[in-house]
Amino acid sequence: MFFNNTLKLERNPLNNTLYAIFSKVNLLDKSSEYYSLVSDLIENEVVLEMKNYIQHGTTTCYQHCLNVSYYSYKVCKKLGLDKESAARAGLLHDLFLYDWHHHSIKKPFLQKHGFSHPKKALDNANKYFNINNVEEDMILKHMFPLTLKLPKYKETYVIILVDKICCIAEVFNNIF
């Protein structure tokens, strides 16, 4: 059954492995193209802070971003798009670094997490990393249509779709 695949959460210190949901590819394989594109991010202290926050069900924000990063990379590679920006933006798209479940309960509707966290993630990404225009658009608009502004790049549409699919997979994986 599709949902019986267990989440391989976080890094396994015994054998130095890290997996995206439903994948058997070790994302810490130093010989892989994916790892070469994200090696400076995947084990960065700031990015690792996302392990402290739950994103969907029991999936951490770090694991969710890893899932989105890997599958955005795969789709963009298949489509001949900017796979490097997809992999990097996927890891940074939810770099907001707070518990969103309690963050904006009393805020006005348009200031709630779903609307506001892309800007916070972009601010953090710019603060700690050098990001390009495609990555910026992907991070800032990954919640489209909530973000209202149309994406500028095809890669942004990929992350929008992959983010939603990963969210659904993470939630349902925890139910079954």
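Everything that follows concerns the structure shown earlier in this document.
Peer 1: What is the right way to look at the nonpolar core in this model?
Peer 2: Soluble globular proteins tend to pack their nonpolar side chains together in the buried interior. Grouped together as the largest cluster of nonpolar side chains are 41 residues, with contacts concentrated most on Y34, I42, M50, L92 and I139. For this core, the elements supplying multiple residues, two or more each, are α1 (33–42), α2 (45–48), α3 (61–79), α4 (83–92), α6 (113–128), α7 (133–140) and α8 (154–175). It is α3 that provides the largest number of residues to this core, a total of eight residues. In contact with Y34, other than residues within four places in its own chain, are L27, I42, L66, S69, Y70, Y73, A87 and L91.

Peer 1: What's the story with unusual backbone geometry in this structure? I'm lost.
Peer 2: Across residues other than glycine, the phi torsion is negative in most instances, and most of the peptide bonds are trans. The peptide bond linking F144 to P145 adopts the cis configuration, its omega dihedral lying at 15 degrees. Among the structural elements, P145 can be located in the loop between α7 and α8. Although it is not a glycine, F22 adopts a positive phi angle of roughly 65 degrees. Within the secondary structure, F22 sits in the segment before α1.

Peer 1: Help me understand the packing of α3 against α4, please; the structure alone is not making it clear to me.
Peer 2: The angle between the axes and the distance between the axes are what describe a pair of packed helices. Running from N to C, α3 and α4 point in directions that differ by 165 degrees, and their axes come no closer than 7 Å. Comparing the axis directions of α3 and α4 gives the class roughly antiparallel. Relative to α4, α3 is oriented so that their crossing is right-handed. For the pair α3 and α4, contact is made by C65, L66, V68, S69, S72, Y73, C76 and K77 and by K83, A86, A87, G90 and L91, respectively.

Peer 1: Looking at this structure, I do not really get the packing of aromatic side chains. What am I missing?
Peer 2: Any aromatic ring pair is given by two values, namely how distant the centres are and how the planes are angled relative to each other. Throughout the structure, instances matching the rule amount to five aromatic pairs. When the ring of Y34 is compared with that of Y70, the centres are 5.5 Å apart and the planes differ by 85 degrees; the resulting orientation is edge-to-face. Here Y34, found in helix α1, pairs with Y70, found in helix α3; they are 36 residues apart in sequence, far enough to count as distant. Like Y70, Y34 is buried. An angle of 35 degrees between the planes, with centres 6.4 Å apart, marks the rings of Y70 and Y73 as tilted. Residue Y70 and its partner Y73 are located together in helix α3, separated by three residues, close to a single helical turn.

Cut-off values and rules
Residues numbered from 1 in each chain as written. Predicted model: local features only at pLDDT ≥ 70, side-chain atom pairs only at ≥ 80, totals over all residues. Heavy atoms only, no water. Core = buried A, V, L, I, M, F, W, Y, C linked by side-chain atoms within 4.5 Å. Buried < 20%, exposed > 50% of the residue type's maximum accessible area, 1.4 Å probe, protein only. Helix = DSSP H or I, 4+ residues; strand = E, 2+ residues; numbered from the N terminus. Contact = heavy atoms within 4.5 Å. Axes fitted to C-alpha atoms, helices over the stretch in contact; angles between N-to-C directions. Parallel < 35°, antiparallel > 145°, perpendicular 65-115°, else oblique. Left-handed = near helix turned anticlockwise from the far one by under 90°. Phe/Tyr/Trp six-rings, centres within 6.5 Å; stacked < 30°, edge-to-face > 60°.

Honestly, it's all geometry; don't read function into it.
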